[in-house]
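The primary structure of each chain is shown beneath.
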Amino acid sequence: MRKLAIAILMSMPLVAGGVFAQQKTAKDNVYEELNLFDQAFERIRQDAVDPVTDAKLIGAAIAGMLSGLDPHSSFIDEAAFRASQTPANDDAVTLGLAVTIDSGQLKVISPEDGSPAAQAGIRPGDVIFTIDKEPVYDLTLSEAEQKLRGPAGSEVQLTLRRGAEKPIDLTLKREAYKLQTVVGRVEAGNIGYLRIAGFDGGTQAALAAAVQDLRQKTGSKLIGFILDLRNNSGGGFDAAVAVADAFIDKGDIVVVKGRKPASVKRVSATPGDLAKGLPLVALVNGGTAREAELVAGALQDNHRAVLLGSKTFGESSIESIIPIPGNGAIRLTTARFSTPTGRQIQGKGLEPDLAVMPLKLEQLVQGDRRREADLRGALKNTDPIASGSKPPVGSSPGATASATAPEAPPVATSDIGSVGDEQLSQAVDVLHGLALVSGRMVQ
């Protein structure tokens, strides 16, 4: 185990806690730093008030090293890694929460539609303090996610805080559920509303089927589509690319960048537009994260949709799980993606073309809402374009340039698409205006 630690420490580009300097130093200096680690290891091993095993010391060293890189990198011990590799048809299920670590706090990015978490009313931005009455402040992201898992039918107790409100105690039952990534319906008689809640292997086919169904229900008289990406915390990268590609006939969809300049990869669209050129409005908010931001950014940069709502979460990191045979694995951020025109999403998020604050949320306290840029150790954005900037003038059809979108907590999942959904109502009005301007009222 000790040899393993030395090997890993030598291979990492950055090290937390001042144990190592950045590996721009000469090899001799690297070995000197390794010697420092060895000395500290021995002192702790011999003098700590409570005996500690070598495995625990090494695991803590690796975990500290990774946690100092960014909020998403972490060490996964052997037991947790084996559990994560268990076949999907086992008895363990999750609550349907996408979470992140913010300054030692466990924060909700978004609950999945139809999940126990969504049904319990958990919202993006909620802070989880305890899981089954045990504090979570010292847990890694992997450890917290593992604690949220459990046998189907079992209960878990959560204590969370929402904004400036008093702590909330919830008891949730873990239940198996199937995320329906695409749901379609006719809105205002001639608009296709598509709720895209996530991305998996079946999303592309489900999207095509939903569009076909909407055309049949309206007698092919649709004037446009609303793509609802609010509270969508992402999913499969390839599935998200396929969704963007479905509405973009040509041009780039996303740019993926690793550490080395030679690793830059551009993913381009294939011919064909599922909407057949009809106007699109994409709804986004602070719960729109990761691969959902990929889709929103691609649509905005390719002048294919008007983004309406509030600023997105701002996370575009791509993590790799790197197994360490017999000793677990490390979750390491190895790349991040940007929009086709090179706008960085990481730490910034995407500004909507039209900022619309949900009316029922306008009076809520705004100060506690954080995004990827606020997280401890968040990956820095090197994009020279000013934060929150949008594509060049004329980037979105019919969009009116707006001031920086106001901070707004995302709507609850249960409110999305409801009668009182102000952002959806505004999207309908925008589509009617675009249809009039384009003269394509029927297709």
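All residue numbers refer to position in the chain's written sequence, counted from 1. Totals for whole chains, interfaces and linings use every residue, but because this is a predicted model, local features are given only for residues with pLDDT of at least 70 and side-chain atom pairs only at 80 or more, for both listing and counting. Only hydrogens and water are set aside; all other atoms, that is, all heavy atoms of the structure, feed into the side-chain values.

Here we take up the overall build of the protein chain. A tally of helices and strands in the protein chain yields ten helices and 19 strands. The buried share of the protein chain, reckoned over its 443 residues, is 50%. A contact between two residues is defined here by any heavy atoms of the two lying within 4.5 Å. Long-range contacts, defined here as pairs at least 24 residues apart, represent 73% of the contacts in the protein chain between residues at least 6 apart. In DSSP terms, a helix is any run of H or I states spanning at least four residues, a strand is any run of E spanning at least two, and both are numbered starting from the N terminus. Only protein chains enter the accessibility calculation, which uses a 1.4 Å probe; a residue is then buried when its area is under 20% of its type maximum, exposed when over 50%, and partly exposed in between.

All right, on to the pattern of salt bridges then. The salt bridge criterion pairs a side-chain nitrogen of Lys or Arg with a carboxyl oxygen of Asp or Glu, the two atoms within 4 Å. If you walk through the whole model with that rule in mind, you get 18 salt bridges. Residues participating in the shared-partner salt-bridge network are Asp113, Arg195, Asp228, Arg230 and Asp421.

Working convention: axes come from line fits to C-alpha atoms, limited for helices to the stretch in contact. Angles between N-to-C directions cover 0 to 180 degrees. Remark: helix α8 (residues 237-247) packs on helix α9 (residues 291-301), axes separated minimally by 9 Å, with the N-to-C direction vectors making an angle of 25°. By the criterion of interaxial angle, the relationship of α8 to α9 is roughly parallel. The element α8 and its partner α9 pack so that their crossing is right-handed. Here Phe237, Ala240, Val241, Val243, Ala244 and Phe247 of α8 come into contact with α9, specifically with Glu291, Leu294, Val295, Ala298 and Leu299. Only Asp, Glu, Lys and Arg are considered charged in this grouping, and only Ala, Val, Leu, Ile, Met, Phe, Trp, Tyr, Cys and Pro are considered nonpolar; every other residue, Gly among them, is considered polar. For the contact of α8 with α9, a count of residues per class yields ten nonpolar, no polar and one charged. Throughout this description, any angle smaller than 35 degrees is read as roughly parallel, any larger than 145 degrees as roughly antiparallel, any in the 65 to 115 degree range as roughly perpendicular, and the remainder as oblique. If you view the pair so one helix is near and one far, a crossing is left-handed when the near helix is turned anticlockwise from the far one by less than a right angle, and right-handed when it is turned clockwise.

Our focus in this paragraph is the environment of Phe75. Note on placement: Phe75 falls in strand β1 (residues 74-76). In this structure, the C-alpha to C-alpha distance between Phe75 and Leu141, residues 66 residues apart in sequence, is 9.3 Å. Apart from residues no more than four positions distant in its own chain, Phe75 is found in contact with Gly59, Ile62, Ala63, Leu66, Asn327, Ala329 and Ile330.

This paragraph deals with helix α6 (residues 141-148). Because each turn of an α-helix spans 3.6 residues, side chains separated by three or four positions end up pointing in the same direction. Inspection of α6 places Leu141, Ser142, Ala144 and Leu148 among the buried residues, and these make up the whole buried set. Projected onto a plane normal to the axis of α6, the buried residues spread over an arc of 165° and lie on a single side. Arc definition: it is the arc formed by the directions from the helix axis to the C-beta atoms.

It is worth spelling out the nonpolar core at this point. The criterion is simple. A nonpolar core is a set of buried Ala, Val, Leu, Ile, Met, Phe, Trp, Tyr and Cys residues joined through side-chain atoms within 4.5 Å. Leu194, Phe199, Phe225, Phe247, Val295 and Leu299 are the most contacted members of the largest nonpolar core, which totals 42 residues. If you look at the next biggest cluster of nonpolar residues, it comprises 20 residues, including Leu95, Ile128, Leu141 and Ala144.

As for its position among the elements, Ser115 is in the loop between β4 (105-111) and α5 (116-119). For Ser115, a relative accessible area of 0% puts it in the buried group. The term polar contact refers here to a pair of N or O atoms within 3.5 Å; inside protein, the definition further demands a hydrogen-donor-capable atom paired with an acceptor-capable atom, and it admits residues adjacent in sequence only when both atoms are side-chain atoms. In this structure the side chain of Ser115 is engaged in a polar contact, spanning 2.7 Å, whose partner is the backbone oxygen of Glu112. Leave out the neighbours within four places in its chain, and Ser115 touches Leu95, Gly96 and Tyr177.

Most peptide bonds take the trans configuration, and most residues that are not glycine carry a negative phi. Even without a glycine there, the phi angle at Ala188 is positive, about 55°. Within the secondary structure layout, Ala188 lies in the loop between β10 (182-187) and β11 (191-196). Even without being glycine, Ser220 reaches a positive phi, approximately 60°. Looking at the secondary structure, you find Ser220 in the loop between α7 (203-217) and β12 (224-228). On the basis of relative accessible area, Ser220 is assigned to the partly exposed category, the value being 38%.

Here we take up the confidence of the model for the protein chain. Low pLDDT marks regions whose predicted coordinates should not be analysed in detail. The predictor attaches a confidence to each residue, and that confidence, scored 0 to 100, is pLDDT. Across the protein chain, the average pLDDT comes to 83, with 79% of residues at or above 70. Note that residues 11-23 has pLDDT below 50 and, in this model, 27 contacts with residues that lie over four places away or in other chains. A low-confidence stretch, residues 384-389 (pLDDT under 50), is modelled with eight contacts involving residues beyond four sequence positions or located in other chains.

Counting through the fold element by element, Thr130 comes out in strand β5 (residues 127-131). Along the backbone, Thr130 and Leu160 are 30 residues apart, and their C-alpha atoms lie at a distance of 7.3 Å. Aside from chain neighbours lying at most four places away, what touches Thr130 is Pro135, Val136, Gln157, Leu158 and Thr159. Within the structure, Thr130 has its side chain in polar contact with the side chain of Thr159 (distance 3.0 Å).

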